[in-house]
Amino acid sequence: MEQKIPKIMYIYAIFGGLAGLLYGFDSGAISPALPFITEEFGLSPSGQGLIVSFLLLGALPAIVLSTSLSKVLGRKSLLIGAGLTFIIGSIGCAFATNEIILIWSRFILGIGCGIANMCSLIYLVELAPPKIRGFIGALYQLSVNVGILSAYIVGASFSDWRLMLGIGIIPATVFTFGMLMSPESPRWLLTAGKEERARKVLMKLRGSNKEVEDEIRDINYSLKQQTVGFKHLFGQYKSILNMTLILTFFQVFTGINAVVYFAPIIFEGVNINGWSGSNVANFGVGIALVVSTAISLFIVDKLGRKTLLIYSIGGQVLPLIGLALFSDYTIVSMICVFLYVFAFGIGLGPVFWLFIPEVFPLQARAIGMGFITFSQYTLNFIFSYTFPQLLSFIGNNVFFIYAVLSVIACIFIYYKTPETKGKTLEEIEGYWRRQAAEKTYKPAKEA
């Protein structure tokens, strides 16, 4: 008889997923607040850029630091620290009396975002049993999108930018208290030599003695592998790193930021019951992301990661071609934007962030996730910087490039990525050991 998953597992997953909501809210809230901030402080374009970009600047060193600290302090402790950082940053934004205080408050929020992006997914993936790990992992990306949509709703509801940014204190406080009541990752506890505590946590989350003992045995076996540093990441785990780096490139350079950036331009002349084109674009894109990611929660563990990624990226191709060919037709372009965003949100958005911590072995998970997260932020910066210039240089033909890259991404995923659906993290680790053994053993050529 199949064991039922204890309800407490879902409660802990919701608390952990709130990290994504905070990341999404604080990333998105600056968009509706910026015009009011600019008016009050008389910001120059460079001042606006600093206020927006300092969130990213705070996230990058936080990712690097938390990669090392997660081994020593554990996932839970770092996430509690992230919650406190979100609270401090939100208070700083709400009470900022000049742009300098606001810029550094955004930097503090960035630290929280970096830790949340780095540790929350690892925490959720390590907590979840195999059969709902896809659901739990996708829950994080849903939380991010709900956070972004919430920021747009708050922005449309209030005209006080301090309230727009400061209201983040509420979910940050809930998240911090939620993490204080949540358990530490059982895999980290075993890494720290705390087997009895790990066993107690797993008993609460699994409910079956046999399942718990099997999992502890498998984790202990994986812990016998050599401790991983950057030398091993670029050596022993090079094949995993290369695969995930290529996936990261496709996640960024198949156009999601371009479509989101382009949407307000397409909707510029639209006015629906007094709603401006930018509001229609923001809410339309936000709702499409939330709905599609919510659907992915219920199909990722049935279809599998690989299949859903191919369906998702393949579904982006025609809308991208439509944006390239029919940008002068507002209705057609609007449909293409929503179809593209829906395709991204059902697969490439949530599955990518689930897949990365799944494929890295326990000993390489923190450093691998840190490296990929840092790379994703860096590629996002490069993409955001170059897209307006590409759009100016070749016009809407830029979407043909993203369509071609989407096709190439489908081919790469089909031939080069493993399916992780329904497998324990230790079984996935075993897959990579077998792959390495097969490459090492080369039969002699026949004379």
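The preceding data block contains the structure.
From a predicted model like this one, the values you see are computed outputs, not experimental measurements.

(A) Fine view of the packing of aromatic side chains. Within this structure, the stated rule accounts for 20 aromatic pairs. Ring plane angle 90° and centroid distance 5.3 Å describe the contact between Phe 54 and Trp 104, whose orientation is recorded as edge-to-face. Residue Phe 54 is found in helix H3 (residues 45-73), and its partner Trp 104 is found in helix H5 (residues 99-127); the two are separated by 50 residues along the sequence. Among the aromatic side chains, those forming a connected cluster through ring pairs are Phe 249, Phe 250, Phe 253, Phe 383, Phe 387, Phe 399, Tyr 402 and Phe 412.

(B) Fine view of the pattern of salt bridges. One pass over the full model with this rule turns up 14 salt bridges. Taking the shortest distance from any N to any O, the salt bridge between Arg 217 and Asp 214 comes out at 3.0 Å. Taken together, the residues Arg 217 and Asp 214, both in helix H11 (residues 209-223) and 3 residues apart, mark about one turn of the helix. Asp 218 is the salt-bridge partner of Arg 217, the closest N and O atoms lying 3.5 Å from each other. Salt bridges here are not isolated pairs; linked through shared partners, they connect Arg 133, Asp 301, Arg 305 and Glu 358.

(C) Main features of the side chain of Ser 182. Among the structural elements, Ser 182 can be located in the loop between helix H8 (169-181) and helix H9 (186-191). Of the polar contacts made by the side chain of Ser 182, one reaches the backbone oxygen of Gly 178; its length is 2.7 Å. Those residues in contact with Ser 182 that sit more than four places away from it in its chain are Tyr 12, Phe 15, Lys 76 and Tyr 123.

(D) Looking closely at the packing of helix H18 (residues 362-394) against helix H19 (residues 398-416). Between H18 and H19, the least distance of the axes is 9 Å, while the angle of their chain directions is 125°. With respect to H19, the axis of H18 lies oblique. For the pair formed by H18 and H19, the contact residues are Phe 383, Phe 387, Leu 390, Leu 391 and Ile 394 on the first element and Val 398, Phe 399, Ile 401 and Tyr 402 on the second. Its residues assigned to classes, the contact of H18 with H19 shows 9 nonpolar, no polar and no charged.

(E) Seen up close, the layout of surface pockets. Space inside the largest pocket adds up to approximately 1700 Å³. Taken together, 46 residues make up the lining of the largest pocket; nearest its centre are Ser 27, Asn 257, Val 260, Asn 380 and Ser 384. Take the lining of the largest pocket: its biggest share by element is 9 residues, from H18. In terms of residue class, the lining of the largest pocket is made up of 27 nonpolar, 18 polar and 1 charged.

Parameters at a glance
Residues numbered from 1 in each chain as written. Predicted model: local features only at pLDDT ≥ 70, side-chain atom pairs only at ≥ 80, totals over all residues. Heavy atoms only, no water. Phe/Tyr/Trp six-rings, centres within 6.5 Å; stacked < 30°, edge-to-face > 60°. Helix = DSSP H or I, 4+ residues; strand = E, 2+ residues; numbered from the N terminus. Salt bridge = Lys/Arg side-chain N within 4 Å of Asp/Glu carboxyl O. Polar contact = N/O pair within 3.5 Å; in protein donor to acceptor, adjacent residues only side chain to side chain. Contact = heavy atoms within 4.5 Å. Axes fitted to C-alpha atoms, helices over the stretch in contact; angles between N-to-C directions. Parallel < 35°, antiparallel > 145°, perpendicular 65-115°, else oblique. Nonpolar A, V, L, I, M, F, W, Y, C, P; charged D, E, K, R; others polar. 1 Å grid on protein atoms, 1.4 Å probe; cavity = no way out; pocket = protein on both sides within 12 Å on 5 of 7 lines; lining within 4 Å. Points joined across faces, edges and corners; volume = space filled by probe spheres on them.

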